[in-house]
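# Breakdown of the fold
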Amino acid sequence: MWIRKAPYKIKPPLPEIIRHDQLPPGAIEIANIVEITEGDLIYFIKNNGFLSILSVTEPDRKLANGQPYYRCSQDDFPLEFLSWFPSALIEFQKPPAQGGLHAGAITTSDIEVGGEMLCIQRALGVDQDRGGYIVENNSRCEKDYDPETEFEPHSICWASRFLYEGGLLNLITDLGDKYKTGYL
């Protein structure tokens, strides 16, 4: 059995969001976008001073037996994620000759962002092997895991096509600019 303790002090969980359309007190939607490669809806929620990113099943999805299917997954990050991610992604993509990671590297070291430890990783098997990127929050443990024995970080994975062609990176950049100027 794989046992992995949390590498850092774990932040307390944010209020859980069960449904994207029934937010808990202290949570407000700041943006949403349709994920172009799978059709899910991505919601950015300001959740009690932090950022919750929700991935919600596409509308009207049904199981094979015709029953409706609804999933709302939540991953939490500091609000500073919004201003950090665009420039961190550019740095991650730089070739070694321009100060980027060494050849063959697929992950950054953990970086302190808003008091939480984040890293960017290359995702190779995403979007029919076209690739994408993962952001891990190693300061927060997924629900239903014990960080003392089976730590599982909050993480998001987005296809490159969604980031660039689907407008996600532009949306995050815009939200990051609003965060930096105090509008979030």
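Presented here is an overview of the structure given in this document.

What follows concerns the overall build of the chain. Each helix and strand in the chain was counted, giving 3 helices and 8 strands. Traced from its N-terminal end to its C-terminal end, the chain shows the element sequence β-β-β-β-α-β-β-β-β-α-α. Dimensions of the chain, computed from C-alpha atoms along their principal axes, come out at roughly 55 × 45 × 40 Å. The burial tally for the chain puts 41% of its 184 residues in the buried class. When contacts within the chain are restricted to residue pairs at least 6 apart in sequence, long-range pairs at least 24 apart make up 52% of them. Roughly 10,100 Å² of accessible area belongs to the chain as shown, and the carbon and sulfur atoms make up 52% of that amount. Within the chain, one finds 17 positive and 27 negative side-chain charges whose respective centroids are separated by 2 Å.

Quick look at the packing of helix α1 (residues 81–93) against helix α3 (residues 168–180) now. Packing of α1 against α3 brings their axes to within 7 Å, and their N-to-C directions diverge by 130°. Between α1 and α3, the angle falls in the class oblique. For α1 against α3, the interelement crossing comes out left-handed. Across from L82, S83, F85, P86 and L89 in α1, the residues of α3 making contact are L169, I172, T173, L175, G176, Y179 and K180.

The rules behind the values
- Sequence positions are assigned chain by chain, starting from 1 and proceeding in written order.
- Under the rules for a predicted model, residues below a pLDDT of 70 receive no local features and side-chain atom pairs below 80 are neither given nor counted, while totals for whole chains, interfaces and linings still include all residues.
- Water and hydrogen atoms play no part in the side-chain values, which are based on all heavy atoms of the structure.
- Put simply, DSSP H or I for four residues or longer makes a helix, DSSP E for two residues or longer makes a strand, and each gets a number counted from the N terminus.
- A 1.4 Å probe rolled over the protein chains alone gives each residue an accessible area, and that area as a share of the maximum for its type sets the label: buried under 20%, exposed over 50%, partly exposed in between.
- Residues are treated as being in contact if the distance between any of their heavy atoms lies within 4.5 Å.
- Computed with the Shrake-Rupley method and a 1.4 Å probe, the accessible areas treat only the protein chains shown as cover for residues.
- Note on charges: Lys and Arg go in the positive column, Asp and Glu in the negative column, and His and the chain ends are not counted at all.
- To locate a charge, the coordinates of NZ of Lys, CZ of Arg, CG of Asp or CD of Glu are taken.
- Axis angles are defined between N-to-C directions and span 0 to 180 degrees, where every axis is a line fitted to C-alpha atoms and, for a helix, only to the segment in contact.
- The labels follow the angle: roughly parallel below 35 degrees, roughly antiparallel above 145, roughly perpendicular from 65 to 115, and oblique for the rest.
- A crossing counts as left-handed when the near helix is turned anticlockwise from the far one by less than a right angle, and as right-handed when that turn is clockwise.

Everything listed here is a matter of coordinates, which is why it stays silent on function.
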